[in-house]
Amino acid sequence: MPAERRPAPTIRRLVALAVHLGSLLPLALLLFAGATGQLSVNPIQDLTLRTGKTALVLLLLSLACTPLNLLLGWKWALGLRKPLGLYSFLYICLHLLIFAGVDYGLDFGQIGQAITEKRYVLAGLASFLLLLPLALTSTKGAMRRLGRWWRRLHWLVYPAALLAVLHFLWLAKTAREPLIFGAVLLAVLAVRALRSLGAPARIANRSAQPPAQGSEKRHG
Amino acid sequence: MHKIPASEITPEQLYLSRRAFLGAAGALSAAALLAACGGGTAAPAATPLPTDGRTDELGAPLSSFEQITTYNNYYEFTTDKAGVARLAQQFQTSPWAVQVGGLVGKPRTFSLEELLALGQEERIYRLRCVEGWSMVIPWRGFPLHKLLAAVEPQAGAKYVRFETLFRPEAMPGQHDQLYPWPYVEGLRLDEAMHDLTLLATGLYGRDLTPQNGGPVRLVVPWKYGFKSIKAVVKIDLVAEAPTSLWMALAPGEYGFYANVNPEVAHPRWSQASERRIGELPRRPTLRFNGYADQVAALYAGMDLRANY
């Protein structure tokens, strides 16, 4: 997808590198904390909470890319949606593996009970099941094969993100932190909704960069 | 010979300011020392203490002193369970006084020394947190009924209301306006009089550590941990059921009783199983946390789903 004007390739590459390093950093810190005995005496819960929160942050960052492009003309952010989304999914898989494999020791009776008795587990699982096909169809080949269905399928990321925030809200003892995540998600959804309402002019204008904004940055 | 406790001689404010001065002097010299050594920050010392192979009455081994003193909820300091110990290190547990009043014949204020004189027996209890983790803890203390007997509850007294110290400058979590401080908890009088109900002043044979609610806290082993209020300064006998902090914050989720019950799920969490700290497989949660034989009679005829 060629764009008319992009930041210099080196900057794009640096941003991409920062995304990769930044996404792997929480995992590295977690492994380091585990290896040096800096987790609490309830390490399973630490691992679960930290992988879950990282997954949610990365998912929201991935969703923030499109609004950043719409509002600020940061076209380069669009290329970050996929790596951020896939890294989020990596943490979700770790989160789920720790929950089912370590916390519940693959005891499917207890896991089934947890799903039916803890609504936050149900919300988290539903979010994972919505994101799974998105991760599986994240390749260029899948994009080609699915054609216009790819966009429709990947719209599922929004209900999945809502369920993920709900998952956090329902497990937290106080709502403050989950509501901050919820507010970010709502802001993202609002920008998208406004775009689809007042879209035509904007889309027609899409190739033209918004004037004045950040022009010096593009040269820097 | 009548011993005069230090707390009765020195006015509290003076005592505290003297300690603050000593603390500041200590911090300064420690900082100088650290600077000289180029060292980092010192973690709170968690001395390993022997468990001597002791167990609870069901055969489960004691949680270690380190586990007990580095991981717990104490929102007066922080909502981070692993962060309480560090923030509570400087908390001053002496002098201390517990004011006991309300519907009693002989209201009075107990100094810590007077509380210690009421008895110092060891009780090994399971502690089950509403979050789904548990420990086995060797407390030291005395049954609450000893204290209540000393103040002579009146006929109209039906409940006991407990209150934690409110001192935001010493307990930084109390700056958080989200919570209706001070922490309040309550028991029905017969629950409070039950022999299992303990006022704890010690842990592992030592004085109760500040992060665990020192110098004096309540321990009600058949209820979720949040009922066992920490750093108690006020105990009142009252006619109506007190509203606890958690009841005020989330009335649909935290009831007055909060008995450990695997059959009654928290509205958002199952309580069917728990993780014993230090163990890998989860344990099934026991009715009344394993104390059903002693306490189930207190709730005979009550609907425990409605009275959660």
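All figures in this text were calculated on a predicted structure; none of them were measured in a lab.

Chemist: Please set out the packing of aromatic side chains residue by residue, giving values where relevant.
Modeler: Under the defined criterion, the tally for this structure stands at 20 aromatic pairs over all chains. Between Phe99 of chain A and Tyr104 of chain A the ring centres are 5.0 Å apart and the planes differ by 55 degrees, which places this aromatic pair in the tilted class. In terms of burial, Phe99 of chain A and Tyr104 of chain A fall into one category: buried. With a centroid separation of 5.7 Å and 85 degrees between ring planes, the pair formed by Phe65 of chain B and Tyr204 of chain B is classed as edge-to-face. Taken together, the residues span a long stretch of sequence, with Phe65 of chain B in helix H3 (residues 65–70) and Tyr204 of chain B in the loop between strand E7 (198–203) and strand E8 (206–207) at a distance of 139 residues. When sorted by exposure, Phe65 of chain B lands in the same class as Tyr204 of chain B, which is buried. By the ring-pair criterion, three or more aromatic residues cluster together here, those being Tyr75, Tyr179, Trp181, Phe226, Trp246 and Tyr254 of chain B. The lysine or arginine in question, Arg282 of chain B, covers the ring of Tyr104 of chain A, its NZ or CZ lying 4.3 Å from the ring centre.

Chemist: Kindly report on the environment of Ala200 of chain B, identifying the contributing residues and their values.
Modeler: All names here are of chain B. Among the secondary structure elements, Ala200 is positioned in strand E7. Of the residues examined, Ala200 reaches a relative accessible area of 0% and is grouped as buried. Sequence-wise, Ala200 and Leu116 are 84 residues apart; in three dimensions their C-alpha atoms are separated by 9.4 Å. Those residues in contact with Ala200 that lie beyond four places of it in its chain are Trp139, Arg140, Gly141, Leu208, Pro215, Val216, Arg217 and Val219.

Chemist: With reference to specific residues and values, describe the interface of chain A and chain B.
Modeler: At the junction of the two partners, chain A supplies 21 residues and chain B supplies 26 residues. Regarding the contact of chain A and chain B, the summed buried area is about 2,000 Å², with carbon and sulfur atoms giving 51% of it. Counting the surface chain A buries against chain B, the share from its top three residues, Val41, Lys173 and Arg176 of chain A, is 34%. Salt-bridge contacts for Lys173 of chain A lead to Glu131 of chain B; the nearest nitrogen and oxygen are separated by 3.0 Å. For the pair chain A and chain B, the number of links is six residue pairs in polar contact (both at pLDDT 80 or more). In terms of residue class, the side of chain A that touches chain B is built from nine nonpolar, six polar and six charged.

The rules behind the values
Residues numbered from 1 in each chain as written. Chains lettered and ligands numbered in written order. Predicted model: local features only at pLDDT ≥ 70, side-chain atom pairs only at ≥ 80, totals over all residues. Heavy atoms only, no water. Phe/Tyr/Trp six-rings, centres within 6.5 Å; stacked < 30°, edge-to-face > 60°. Buried < 20%, exposed > 50% of the residue type's maximum accessible area, 1.4 Å probe, protein only. Helix = DSSP H or I, 4+ residues; strand = E, 2+ residues; numbered from the N terminus. Lys NZ or Arg CZ within 6 Å of the ring centre and 35° of its normal. Contact = heavy atoms within 4.5 Å. Buried area = accessible area lost by both parts, 1.4 Å probe. Salt bridge = Lys/Arg side-chain N within 4 Å of Asp/Glu carboxyl O. Polar contact = N/O pair within 3.5 Å; in protein donor to acceptor, adjacent residues only side chain to side chain. Nonpolar A, V, L, I, M, F, W, Y, C, P; charged D, E, K, R; others polar.

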